[in-house]
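What the coordinates show
The primary structure of each chain is shown beneath.
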Amino acid sequence: CGALLVADHARHARWPHSLAMLILARRAAVSACLLAAAHWRPPLPALARPDKDGIFSDCSGSCVSSQDDRPAVWDNPWVAEQALPSAMERLRRVIELKLQGKVVEQDERYLRAEFASRGPLGDAVDDAEFFFTPDDVLVQFRAARRGDAPDFGANRKRLQRGRIA
């Protein structure tokens, strides 16, 4: 979309109909670019599952995590007061029913979900990861907006609504 038609007014002054066609073509090109931009979605994130010790990568951009110790992005881990299978099922229900998310990956101790939202800046997708710490009641998490766009606190608010402590 970077190559838009540019009118050379002096060259087309003798042929007003060709100038009108050039203006219409430029408007069509701009409209096509705007339409393509409106339907653009950020690429899937390169989320790294937690390592074997359950450690998520640090936050970058708009993110909240129970493991990143920087005050701007840190939040308390959740506490699972049930056995692992029951707690995992409860988390899944909270994500799908209370938070209107979609679980896209799950295994014994790990769950990843997507949350789609529509705001004044267009559509956005947030990813959240949860890890149930072995031999502990803590549920570690990391949530971030795709493409490192600002989320204006949406992930932190969502996690507070879904807290299972």
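Everything below is about the structure shown above.
Here goes a summary of the coordinates provided. Residue indices follow the written sequence of each chain, beginning from 1 at its first position. Residues qualify for local features only when their pLDDT is at least 70, as the model is predicted, and side-chain atom pairs are given and counted only at 80 or more; totals for whole chains, interfaces and linings, by contrast, use all residues. The side-chain quantities take in all heavy atoms of the structure and omit both hydrogens and water.

1. Let's talk about the side chain of glutamate 129
Tracing the backbone shows glutamate 129 in strand β5 (residues 122–132). The rule is simple: take the accessible area with a 1.4 Å probe, protein chains only, and divide by the maximum for that residue type; under 20% is buried, over 50% is exposed, in between is partly exposed. Charge assignment: positive for Lys and Arg, negative for Asp and Glu; neither His nor the chain ends contribute. Salt bridges are defined as contacts in which a side-chain nitrogen from Lys or Arg sits within 4 Å of a carboxyl oxygen from Asp or Glu. Notably, glutamate 129 is buried but unbridged: the nearest opposite-charge side chain belongs to arginine 142, and the N-O separation is 4.3 Å. Side chain to side chain, glutamate 129 and tyrosine 110 meet in a polar contact 2.6 Å long. Elements are defined by DSSP. Helices are runs of H or I of four residues or more, strands are runs of E of two residues or more, and each kind is numbered from the N terminus. In protein, a polar contact requires one atom able to donate a hydrogen and another able to accept it; more generally it is a pair of N or O atoms within 3.5 Å, and residues adjacent in sequence count only if both atoms are side-chain atoms.

2. Observations regarding the state of the cysteines
Disulfide assignment relies on a single distance test, namely cysteine sulfur atoms paired within 2.5 Å. As enumerated under the stated definition, the model contains one disulfide in all. The side chain of cysteine 59 participates in a disulfide bridge whose partner is cysteine 63; the two sulfur atoms lie 2.2 Å from each other. When the S-S torsion is -50°, as for the bridge of cysteine 59 with cysteine 63, the disulfide is left-handed.

3. Some points on helix α3 (residues 154–162)
Taken as a whole, α3 has its buried residues at Asn155, Arg158, Leu159 and Gly162. Projection of α3 onto a plane perpendicular to its axis shows the buried side chains occupying an angular sector of 95°, all on one side. Check the buried side of α3 and you find it contacts β1 (63–65), β2 (78–79), α2 (84–98), β4 (110–119), β5 and β6 (138–145). By construction, the arc corresponds to the directions joining the helix axis to the C-beta atoms. Here a residue-residue contact requires only that any non-hydrogen atoms of the pair lie within 4.5 Å.

4. A few points about a positive patch on the surface
Residues Arg90, Arg93, Lys98 and Arg161 make up a contiguous surface patch of positive charge. The element contributing the most residues to the positive patch is α2, with three residues. Its place among the elements puts lysine 98 in helix α2. Two distance rules govern patches: like charges are joined within 9 Å, and nonpolar side chains (Val, Leu, Ile, Met, Phe, Trp, Tyr) within 5 Å, applied only to residues with over 30% relative accessible area and no salt bridge. Surface accessibility follows the Shrake-Rupley procedure with a 1.4 Å probe radius. Residue values consider only the protein chains on display as shielding. Just so you know, the charge point we use is NZ for Lys, CZ for Arg, CG for Asp and CD for Glu.

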